[in-house]
Amino acid sequence: MAVRTPHFPDLLFNSAARLRRWEGALMGLLADHGYRELHPSLVLREPPPEGALRFFDGDELVALRWDFTVALAGLLTRTFPAPPDRVAYAGAVFRRPVQPWEAVERFEVGCERIQPEGEPAAEADVELARLLMAVPGLLGLKSAILHLGNAALVRRPLEAEGLFGELADAVVAALSRRAPHRVREALDGHPSAARLTTHAEALLSEFDGPGTLGALAASPYAALLEEERSHMDRALQALLPILPPNLELRVDLADVAGLGFYTGPTLRLWAPGAQQELAAGGRYDRLFPGLGRPWQAAGFCVRLSRLLDLAATRPDLFEEPR
Amino acid sequence: MNQTLLIAFPKGRLGDELVPLLAGTPLALDAAALKSRVLRIPTATPGVAALLLKGADLPRYVAAGVASLGIVGSDTLDEMDMDLLELADLGFGACRLSLCAKAGVSLEDLRAKPHLRLATKFPKATEAWLAREDLTAELVPLSSSAELAPLLGLADAIVDLVQTGGTLKAHGLVETAILGRSSARLVAARGAYLSEPGRIRPLAETLLGALKAKA
């Protein structure tokens, strides 16, 4: 449910300058790696979705761009018979806030790596992780933490158990709270209760570096998830040797945020002491097939509005601007 | 920045059970401060302090990251639906969320009422139960002393927490249905837990260890 008193913060001198500088630095990074900018219209062509900022233009109800990935998907499927392989975006999205601290207008920079269905995806996933690893340094963050997860670690066991709808939502909500006891409560009496509770306990038992992957061995679905474990292991082997100073890599097996959207590896960027993640992304291979295109995709979005808030409230987390 | 870590502890029924459990542990609350009116209490561990908060306010302090950890009843969590991590069911403070009416009034009597009025502090759980039972009712929101409502004609029945049943008995009320169960939960701020696990997880483990040792 949207909050009743949404707020519309203005950016004054320092924040406005910082936004301009950060947008430039991040788009420069993406351009250097072959990502070409697309700018989907601020006014949506599609029917206004729930959660978007809507208004009447004369007699017609219209909505502002509320999510870059969705707006880009519309643009790409309308415009290109074959997918451009790397795209980037920068600008604002407008959303009715769910939490009281969320602004209506949110500034973002992001990118997407798009391939025809069936192409090997592992290299694209590592490429995106490497790009995201460069973001804290570009923004002047003194230290940061990159969380690696995989939506399939929860999605596949739920599908294997034939668990969909409200019951699956309850399990995901319990995992989001990191509460295995809630998984047990939600599945009370269901044949999969013991297996999924043990799985939840395994996912939540460790939250650390590469060794965390070993926790999957205790899951009843360890064999089912062998491909995901091995994919994450290979990604870690590729990323650890090039980890920049002041960036920590953590494996978060219980990352279920956006589980309805993500289908594979997920990435989340945090700064120590930040109350919200500063960037997020992952693989979402079902988006384009749902729009009639046999393409697979992954990407991430840097949430500049949250970073601007963090720079205002916790300047100690950032290097002095040069 | 090396800030003091704050844990939000509940006042009232849960707090009364919690404070003795912490005595003699690394998170024991300073006895002199407890006797005073201050709401920020030092613990036996330097750099860790406790906030004493009402149950309904406590989740907000934790969700906003002001307090890194907190202890609160699952009934409150279910009503508020805040974005919090719920790290453990602590087991103590167990009680039932029950539909209670005057002695002699059965659940069937209540079902048969064309205009049922239920007084409660727990509208969300009550609405969910009504939906499950395919019933409709007028909800009368109250924040305390719900037991008076059926006695004085404000409502036909109440939905409230029942621990021993002593208060119900004293008011001539009985449980006619159990809607759910509640117990104390250890909650954490999502941001603090995910961005500073090296600080927050050891504190959570200390708290769990202290409570386990007394169990």
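Conventions we followed
Residues numbered from 1 in each chain as written. Chains lettered and ligands numbered in written order. Predicted model: local features only at pLDDT ≥ 70, side-chain atom pairs only at ≥ 80, totals over all residues. Heavy atoms only, no water. Pairing = 2+ DSSP bridges. Helix = DSSP H or I, 4+ residues; strand = E, 2+ residues; numbered from the N terminus. Contact = heavy atoms within 4.5 Å. Axes fitted to C-alpha atoms, helices over the stretch in contact; angles between N-to-C directions. Parallel < 35°, antiparallel > 145°, perpendicular 65-115°, else oblique. Left-handed = near helix turned anticlockwise from the far one by under 90°. Phe/Tyr/Trp six-rings, centres within 6.5 Å; stacked < 30°, edge-to-face > 60°. Buried < 20%, exposed > 50% of the residue type's maximum accessible area, 1.4 Å probe, protein only. Lys NZ or Arg CZ within 6 Å of the ring centre and 35° of its normal. Domains from an automatic or database assignment. Buried area = accessible area lost by both parts, 1.4 Å probe. Salt bridge = Lys/Arg side-chain N within 4 Å of Asp/Glu carboxyl O. Polar contact = N/O pair within 3.5 Å; in protein donor to acceptor, adjacent residues only side chain to side chain.

A. Expanded view of the sheet that holds strand β7 (residues 247-251) of chain A. Residue and element names in this part refer to chain A. Strand order in the open sheet made by the 8 strands is β1-β4-β5-β10-β9-β8-β6-β7, with mixed pairing throughout. Edge positions in the sheet fall to β1 (36-37) and β7, since each of these pairs with one other strand and no more. In this structure, strand β4 (residues 86-94) lies alongside strand β5 (residues 105-116), joined through 9 bridges in antiparallel fashion. Bridged to Val93 within β5 is Arg106. The strands touched by helix α3 (residues 122-139) are β4, β5, β6 (144-150), β7, β8 (265-270), β9 (279-283) and β10 (295-303); relative to β10, the strand with the most contacts, the crossing angle is about 10 degrees. Lying over the sheet, helix α8 (residues 226-239) contacts β6, β7 and β8, oriented at roughly 155 degrees with respect to β6.

B. How the structure looks around the packing of helix α1 (residues 13-32) of chain A against α3 of chain A. All names here are of chain A. α3 packs onto α1 with a crossing angle of 150 degrees between their chain directions and a minimal axis gap of 10 Å. Put simply, α1 runs roughly antiparallel to α3. Crossing handedness for the pair α1 and α3: right-handed. Between α1, through Trp22, Ala25, Leu26, Leu29 and Leu30, and α3, the contact on the second element is made entirely by Leu131, Ala134, Val135, Leu138 and Leu139.

C. How the structure looks around the packing of aromatic side chains. Residue and element names in this part refer to chain A. For the structure on display, the rule yields 7 aromatic pairs over all chains. For the ring pair Phe68 and Tyr89, a centre distance of 4.4 Å and an interplane angle of 20 degrees mean the geometry is stacked. One end of the pair, Phe68, is in helix α2 (residues 68-79); the other, Tyr89, is in strand β4, and 21 residues separate them in sequence. In this structure Tyr89 comes out as buried when scored by relative accessible area, which is 2%. In textbook terms, an aromatic cluster arises when at least three aromatic residues are bridged by ring pairs, as seen for Phe261, Tyr262 and Tyr284. The aromatic ring of Tyr35 is capped on one face by Arg86, whose charged end is 5.9 Å from the ring centroid.

D. View of the pairing of β10 of chain A. Residues and elements named next belong to chain A. Of all 9 residues that make up β10, 8 are buried, and the element is covered over most of its length. Bridge count between β5 and β10: 9 bridges; the pairing is antiparallel. Each residue of the ladder has a partner; that of Gln115, found in β10, is Gln296. In the sheet, β9 pairs with β10 via 5 bridges, with the strands oriented antiparallel. When the bridges of β10 are listed, Ala279 appears paired with Val302.

E. Looking closely at the domain arrangement of chain B. Residues and elements named next belong to chain B. Annotation of chain B at the domain level lists domain 1 (5-93 + 183-214) and domain 2 (95-181). One C-alpha centre belongs to domain 1, the other to domain 2; they are set 30 Å apart. Across the boundary between the two partners, domain 1 contributes 8 residues, which contact 9 residues of domain 2. For the pair domain 1 and domain 2, the two sides together bury roughly 690 Å², of which 42% comes from carbon and sulfur. When the buried surface of domain 1 facing domain 2 is broken down by residue, Arg13, Asp75 and Glu79 rank first, second and third, together holding 65% of it. Here Asp81 and Lys124 are joined by a salt bridge, their closest N and O atoms 3.7 Å apart. Our enumeration of links across domain 1 and domain 2 arrives at 5 residue pairs in polar contact (both at pLDDT 80 or more). Every element with two or more residues in the side of domain 1 that touches domain 2 is listed here: α1 (12-22) and α4 (74-80).

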